[in-house]
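Per-entry structural report
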Amino acid sequence: MKLVRGAWKLLVGIKDALVLLFMLLFFIALFAVLSARPNPAAVRDGALVLNIDGMIVEQPSQADPFAAFGGGESIKEYRMRDLVRALDAAKGDSRVKAVVLDLDRFMGGYPAAVAEVGQAVARVRAAGKPVLAYATGYTDSGYLLAANASEIWVNPLGGTLFTGPGGSRLYYKGLIDKLGVTTHVYKVGKFKSAVEPFILTGQSPEAREANEALYGAIFGQWQEAVAKARPKARIRETIAQPDVVVAAANGDIALANERMGLVDKRGDRLAFGKRVAEVAGADAGKPAGNFKAIKLANWLEANPAPKTGDAIGVITIAGEIVDGKAGPGTAGGDTVSALLLKGLAEKKLKALVVRVDSPGGSALASERIRQAILQAKGQGLPVVVSMGSLAASGGYWVSTPGDVIFAEPNTITGSIGIFGIIPTFENTLAKIGVTSDGVKTTPLTGQPDVYAGTNETVDRVLQSGIEQGYRRFIGLVSQSRRMTPQRVDEIGQGRVWDGGTARQLGLVDRFGNLSDAVAEAAKRAKLDPAKVHAVYLEKEPSWFEQLVAGFAAGSGEDEDEEAAPESGGDIYARIAAERRAVFGQALGDARRLAMGSSMQARCLECGAFGPAATNVRADARLIDLVLARIGL
């Protein structure tokens, strides 16, 4: 009995300790939430600091509780329209003495999103307000932001080299063959290269042709934007002969950048902080390099989005389109359609804007979302589509109900095509002496059979289904764009286009951003665009999600933001990070091959310009898991 009582006391003690630990963590998180809550009253004279230590996205993903509570690394995401609103509000506010762009840990974003933020930076500069940018080394997208600043600083031990879009892509056919995996591909579209990594050892001639045209157009637009923002910079010479330019500066990349007019000043953070203090002021008693600062969160809280006038609904389709439900940053077919239908029933909307920022995904989920959009048209509401950075494959599918489609010149769109992939493991199992057998009552019994492989009957059925899906896709585009099916097929075939070319082809109607689309929706509803406001049909975060987000923000943000954070690393550190990203992509692609199930309308090329946030996070977790398993 003494042994039983002792064991019982031990269990009770463990239970009490766990309860106390949970309560302690809860109150720590609660304190972090309260501490990190934006405070508009804290806004005072100083420099508005945009420390963009993460990615610019259309819709931030849901906070990862494991990263927040488990000490893992969390990839921060900044909503594009929040950054634009903050910059536009700063133009005419006398409290903002300058804007600081801290791009040391900027992880980029898709071209259209980065360009729109860059244009907002340019508007601040044009209003006569100083904009100062700093980084140890600028990425291509980071430099596009910095080019619009009035002063560009770089660390003397850093510097930047421009790479342009493209580069190597992983192909898995050799590995798949060694493992004995049979990859069954069902597709339509000679340019539908999303399946190529699993069936080829390199890109097809068709994919290379399309990619060269797409990448060339996007990079050309980047160069034009940089040249417009910084006309004295010898950007083309730097891109064409980087080795010659750097060698002329005896290997000093930062000095080479300065000589070519790419940056204005070489200096460390201390020198940069002193320069900002000259413009924005410094508090007495603070260490050198500090300056009066305005937190972005406080500034946004002090400058909320308009909420007066008639309501124009905005439904956001951001990230991969997947079946079922999904959190922000991923477009779950059930979730997006439910939010839209609820908004149509409750919000007294006068028009609808469909904001698309997606490389596509499930054809079934895309159709579910499209049907929900048609409900708005059924109620007599004007429907305007606003394409953000991406509206490809399934992203274009959901755009077809629009009365008019807006895009940016560097929007990535098109990719009108369908595919499906099913891996089977009969040869893999045979390598270890495992075979399969059974009784089949019909040609489709047990099909598709992942143990014994598919048969010709199911192959024909699945390919026929893909072809029918493509014909449906062609039909939707044909009806929406008032083209013949033959013409749509010519510009379809899975080929991806930049926004400028897509407009010439008739896949989009006009150039413009989300604000332009909202204004057009108001006009079509016979309303004054100046007297409407956007109502974003998004799920409000639960108290737990707010708790997690607040804990992550509170644990990662120094309350004294006047002191500049540590540097983000030079070009060699970036190369190391890219190696880790390649490993993560390989793991993630393997998982997506094994788990992909539905008919897909997805764009592979889109990832070359800025990986989807959901994939980055998921692949990063896979890396951590594998490295932990092997003891690294």
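Residue numbers run consecutively from 1 along every chain, following the written order of its sequence. Local features are withheld for residues below a pLDDT of 70 in this predicted model, meaning they are given only at 70 or higher, and side-chain atom pairs are given and counted only at 80 or more; totals for whole chains, interfaces and linings count all residues. Excluded from the side-chain calculations are hydrogens and water; all other atoms, namely the structure's heavy atoms, are used.

Describing helix α15 (residues 363-378)
- In a regular helix each residue adds 1.5 Å, so 16 residues correspond to 22 Å; α15 covers 22 Å between its end C-alpha atoms and thus fits that length.
- Buried residues of α15: A363, A365, S366, E367, I369, R370, A372, I373 and A376, and no others.
- Here a polar contact is recorded for every N or O atom pair within 3.5 Å, except that within protein the pair must consist of a potential hydrogen donor and a potential acceptor, and residues adjacent in sequence are included only if both atoms are side-chain atoms. Going along the chain from the N terminus, every DSSP run of H or I of four or more residues is numbered as a helix, and every run of E of two or more is numbered as a strand. Of the residues flanking the start of α15, the one acting as N-cap is S362, its side-chain oxygen 3.2 Å from the backbone nitrogen of L364.
- Positive phi shows up at G380, right after α15, with a value of about 85 degrees. Take the residue count of a helix, subtract one, and multiply by 1.5 Å to get its expected span. For every residue, the accessible area obtained with a 1.4 Å probe (protein chains only) is divided by the maximum for its type, and the residue is called buried under 20%, exposed over 50%, and partly exposed between those limits.

Structural notes on the packing of aromatic side chains
- Working definition: rings of Phe, Tyr and Trp (its six-membered ring) pair if their centres are within 6.5 Å, and the pair is stacked with planes under 30 degrees apart, edge-to-face with planes over 60 apart, and tilted otherwise. All told, the structure shown has eight aromatic pairs when counted by the stated rule.
- Residues Y172 and F198 carry aromatic rings whose centres are separated by 5.9 Å and whose planes lie at 25 degrees to one another, so their mutual orientation is stacked. Within this pair, whereas Y172 is found in the loop between β6 (151-154) and α6 (173-179), its partner F198 is found in helix α7 (residues 196-199), the two being separated by 26 residues in sequence.
- Put simply, the rings of Y138, Y143, F162, F219 and W222 touch in pairs and so form one group of aromatic residues.
- Only when the NZ of Lys or the CZ of Arg is both within 6 Å of the ring centre and within 35 degrees of the ring normal is a charge said to sit over the ring. The ring of F191 carries R495 above its face, with NZ or CZ at 5.2 Å from the centroid.
- When the ring centre of F511 is taken as origin, the NZ or CZ atom of R503, which lies over that ring, is 4.6 Å away.

Describing the packing of helix α3 (residues 80-91) against helix α4 (residues 111-126)
- Packing of α3 against α4 brings their axes to within 8 Å, and their N-to-C directions diverge by 5 degrees. By the criterion of interaxial angle, the relationship of α3 to α4 is roughly parallel. The segment α3 lies against α4, with M80, L83, V84, L87, D88 and K91 engaging A113, E116, V117, A120, V121, R123 and V124. Here, axes are lines fitted to C-alpha atoms. For helices the fit covers the stretch in contact, and angles between N-to-C directions go from 0 to 180 degrees. Working rule for angles: under 35 degrees goes down as roughly parallel, over 145 as roughly antiparallel, 65 to 115 as roughly perpendicular, anything else as oblique. A contact between two residues is defined here by any heavy atoms of the two lying within 4.5 Å.

Re the confidence of the model for the chain
- pLDDT expresses, on a scale from 0 to 100, how confident the predictor is about each individual residue. In this model, the chain carries a mean pLDDT of 87, and residues with pLDDT of at least 70 account for 82%.
- Note that residues 554-565 has pLDDT below 50 and, in this model, 26 contacts with residues that lie over four places away or in other chains.

A short note on the environment of D243
- With respect to the secondary-structure elements, D243 resides in helix α10 (residues 242-248).
- The exposure class assigned to D243 is exposed, which follows from its relative accessible area of 55%.
- As a C-alpha pair, D243 and L161 span 82 residues in sequence and 9.8 Å in three-dimensional space.

Some details on unusual backbone geometry
- The amide bond that connects Q447 to the next residue, P448, takes the cis arrangement and shows omega of -10 degrees.
- Of note, the phi angle at N250 is positive, near 55 degrees, even though the residue is not glycine.
- Positive phi, normally seen in glycine, also occurs at K526, with a value near 60 degrees.
- Position of K526 relative to the elements: it lies in the loop between α21 (514-524) and β21 (532-536).

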